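For reference, the chains in residue letters:
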Amino acid sequence: MAQQTQVAVIGLGRFGVTVATTLYQMGHDVLAIDQNPSKVQDLAGQVTYAVAVDATDEANLRELGIENFEYAVVAIGANTEASIMVTVILKSMNIPVVVARANTKLHGETLDRLRVSSVVYPESDMGSKLAHDLFLPGVEQYMELTSTYGFSKIKPPLKYLNQTLKESGFSNIRDRYGIAVIAIQRENEIILSPDENENLVEDDILVIAGPDDQISKVVGANEFKVDETTE
Ligand code: ATP
């Protein structure tokens, strides 16, 4: 487990709750804050400490000792004014890492000007992920690098099983598909930068990087269908 850190999560909408509970499950010390007491009650037992206060009041945050925290996540979205005010307070407390959530481009640009460590756009990130998931069938997980390029975890098409990477055309980065094989996940084992003579076996997962259209060709539904009928 990574070193336990103290993280404050402010704003317990769906996004804030997911961030707070996931960090807690990862073993971190999570202080969750919302001005709405019922949101705080709902989180009892799922984070280290949950408290109902107005986070735009600096005295409330100081009372909670937040200035000693290493990380803070401002998960307030729709209430732009509160999001910006809380971010200003946290930055003025010199918290090393402040991550803020934005709902609109203007909101995000304003947060950037406050020199937060990063701005996240949950709505548009989800939209982009959904679009990729829909149009890259066979992809288990996708991480966007640019709008047309990404990392993916894929199940190798059936026709490549029991072949070496070289035989299936994956060897020597970019030789056949223009994609790089970063790793093979075989049960709990990770084979990093696999050798071109590595055999692909059932239940292997390939971690690849490349342009979306090339990834799409590799995992293309046609290839799966052809193979399924020849099994
Ligand atoms: P989500 O999309 O994550 O569900 P939302 O858009 O429904 O969020 P937001 O308006 O972004 O809701 O607010 C998220 C949470 O932030 C709410 O639970 C709200 O009570 C809390 N919040 C808003 N202003 C403050 C504040 N000043 N202090 C503490 N919590 C606040």
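Residues numbered from 1 in each chain as written. Predicted model: local features only at pLDDT ≥ 70, side-chain atom pairs only at ≥ 80, totals over all residues. Heavy atoms only, no water.

Quick word on the nonpolar core
Membership of the largest hydrophobic core comes to 25 residues, with the highest contact counts inside it found for I10, I33, L61, I66, V86, L90 and I95. When residues of this core are traced back to their parent elements, those giving at least two are β1 (6-10), β2 (29-34), β4 (71-74), α4 (80-92) and β5 (97-101). Of the residues forming this core, the biggest block, 4 residues, is contributed by α4. Contacts of I10, omitting those with residues within four sequence positions, involve I33, A55, V73, V74, A75, I76, V86 and L90. (Core = buried A, V, L, I, M, F, W, Y, C linked by side-chain atoms within 4.5 Å. Buried < 20%, exposed > 50% of the residue type's maximum accessible area, 1.4 Å probe, protein only. Helix = DSSP H or I, 4+ residues; strand = E, 2+ residues; numbered from the N terminus. Contact = heavy atoms within 4.5 Å.)

Some words on the environment of R62
Along the chain, the position of R62 falls in helix α3 (residues 58-63). Considered as a pair, R62 and M93 are 31 residues apart in the sequence and their alpha carbons are 9.0 Å apart. Dropping the residues within four chain positions of it, R62 is found in contact with E67 and M93.

A few points about α4
Every α-helix carries 3.6 residues per turn, so stepping three or four residues along brings you back to the same face. Between the first and last C-alpha of α4 there are 18 Å, a value that for 13 residues agrees with the 18 Å anticipated at 1.5 Å per step. Of all the residues in α4, the buried ones are A82, S83, V86, T87, I89 and L90. The buried residues of α4 occupy one face: seen down the axis, they fall within an arc of 160°. Check the buried side of α4 and you find it contacts β1, α3, β4, β5 and α5 (105-113). Once α4 ends, the next one or two residues include N94, with phi positive near 60°. (Expected span 1.5 Å × (residues − 1). Arc of directions from axis to C-beta.)

Here we look at the sheet that holds strand β7 (residues 139-146)
Taken together, 5 strands build an open sheet; the order of strands is β7-β8-β11-β9-β10 and the sheet is antiparallel. The open sheet terminates on both sides in strands that have one partner only, identified here as β7 and β10 (189-192). The mean angle between the axes of side-by-side strands here comes to 20°, regardless of whether they run parallel or antiparallel. Pairing of strand β9 (residues 180-186) with strand β11 (residues 205-211) involves 5 bridges; the strand directions are antiparallel. For A180, the partnering residue across the bridge sits in β11 and is A209. (Pairing = 2+ DSSP bridges. Axes fitted to C-alpha atoms, helices over the stretch in contact; angles between N-to-C directions.)

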